[in-house]
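Structural overview
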Amino acid sequence: MKKGIIRLAISLLFSLVAVTPSSAVEFGKDATGDPNAVKVGGASGFLYSERIVFTAAHVIESTGGLDYWEREGVIYTPGIVRIEGQKRYKVKRVLIAPTYRPRVGDDQTRIDDFAIIILQESIPMKNEVFIANGDDISSFIKNRVPVSMIGYGLQSSSQRINYEWASFSPMKMTSYIVSNEELRNYYRVNANRIGANQTILDYGIPNSQEFGSVCDGDSGSGFFVERGSIRYYLGLVGGSQAGIPNCRSESWATFGIGGGMSGITATYKFLPLIKEAESIVSEDKQKEFLKAEEIRIAAELKAKAEAEAKLQAERLAAELKARAEEEARAKAEAEAKEKQEAEARAKAEAEAKTNASKKKKTITCVKGKLEKKVTAKNPKCPKGYKKK
């Protein structure tokens, strides 16, 4: 039996070394600018879609709970280092797996440690994310496909002294996924360190100095397989950790036999909860669309009313202008006619006066029985005669 355990330990250690190594969260490779890694209340999360973030239920539970997150919770742009000055995306709802169970007694495993954060507005997506199904995972296990995780946890023991999570950069580890049987074998090999009666999750992700190792604050980050611009999401950090130094949380902390191991629950088991979140997002977007349409239609109606009012005002102004011009024309014509008639009258009077001044008159003058007619402009009777 002991020989079998030793052979298994050597086999696990060989498997860890056999995969192409990369630096990770502890001993890490900087992943600043990653399109999915987000900071979640002192821990980590994974942007699944423009309004949905996956994280661990215990992260929500330990950082204020549902009431706090749905009242004051915010998420920042993925891949950032410092949160200062960054855009804040307000949280609308948080859904926690109804079957979630925290650690109980000596059992250090959290069962169905899964939560969904639903945002009030969209974070622009730069890639596509699919939930890996059982066949996908079986294929990844069979072909030892590289599995990555990007978290905002501690990167070294020194950060425990000066803890500044708000300025941590995201760090990446790259390992692979192992079957439930291999995960159970790891727990058997490390039974003295891990303890008995531990709940074993669906799959395991080996941790090592070569691949990288999970630390405090990485809870909620997601393990994924990347192919081009598509990421296949497997499960998240938080359910169980075994045989890891955890950035030297204790002075004696070291890797277990064959390295460390992250136990994960396959996220495809939470598809009904994910669909519920997607339904909420869809309803929100529909409400926003209808509200936007209402605003757009109101704006169009207002613009139409303003245009009609402007046109009516322009028409009225044109009518008033035409009426004023017509009245001015009529007045001008009347004044011109009156002037013309006055001039004609004055001319006639002048002519009449002139003619009158030129006309000769005849008067009859008498002297006794004698009569004499006198014709002139101003006729006068001769001396001795009187005007008859």
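Here's a quick rundown of the structure. (Residues numbered from 1 in each chain as written. Predicted model: local features only at pLDDT ≥ 70, side-chain atom pairs only at ≥ 80, totals over all residues. Heavy atoms only, no water.)

Points about the packing of aromatic side chains
Enumeration according to the criterion identifies 11 aromatic pairs in this entry. Each ring, one from Y186 and one from Y187, has its centre 6.3 Å from the other, and the planes form 75 degrees; the classification is edge-to-face. The two residues Y186 and Y187 agree in class, both being buried. One aromatic cluster is present, formed by F46, Y48, F54, F114, F224, Y233 and F270 through successive ring pairs. Its end group placed over the ring of Y89, K87 keeps NZ or CZ at 5.0 Å from the ring centre. (Phe/Tyr/Trp six-rings, centres within 6.5 Å; stacked < 30°, edge-to-face > 60°. Buried < 20%, exposed > 50% of the residue type's maximum accessible area, 1.4 Å probe, protein only. Lys NZ or Arg CZ within 6 Å of the ring centre and 35° of its normal.)

A word on the nonpolar core
Within soluble globular proteins, side chains that are nonpolar generally end up buried alongside one another. Grouped together as the largest cluster of nonpolar side chains are 46 residues, with contacts concentrated most on F54, I75, F114, I116 and I117. If sequence neighbours within four positions are ignored, I75 has contacts with V38, K39, V40, V53, W69, K87, R88, Y89, V91, I117, L119 and I123. Residues M173, I244, I264 and A266 belong to the second largest nonpolar core, which totals 20 residues. (Core = buried A, V, L, I, M, F, W, Y, C linked by side-chain atoms within 4.5 Å. Contact = heavy atoms within 4.5 Å.)

So, the sheet that holds strand β11 (residues 203–207)
An order of β11-β15-β14 is seen for the three strands of this open sheet, with the pairing classed as antiparallel. One side of each edge strand has no neighbouring strand; the edge strands of this open sheet are β11 and β14 (240–242). Averaged over all pairs of adjacent strands, the angle between their axes in this sheet comes to 20 degrees, without regard to strand direction. Note that β14 and strand β15 (residues 260–264) share three bridges and pair antiparallel. Note on β15: the bridge partner recorded for A242 is M261. The strands that helix α5 (residues 180–189) touches are β11, β14 and β15; relative to β15, the one it contacts most, it runs at about 135 degrees. (Pairing = 2+ DSSP bridges. Helix = DSSP H or I, 4+ residues; strand = E, 2+ residues; numbered from the N terminus. Axes fitted to C-alpha atoms, helices over the stretch in contact; angles between N-to-C directions.)

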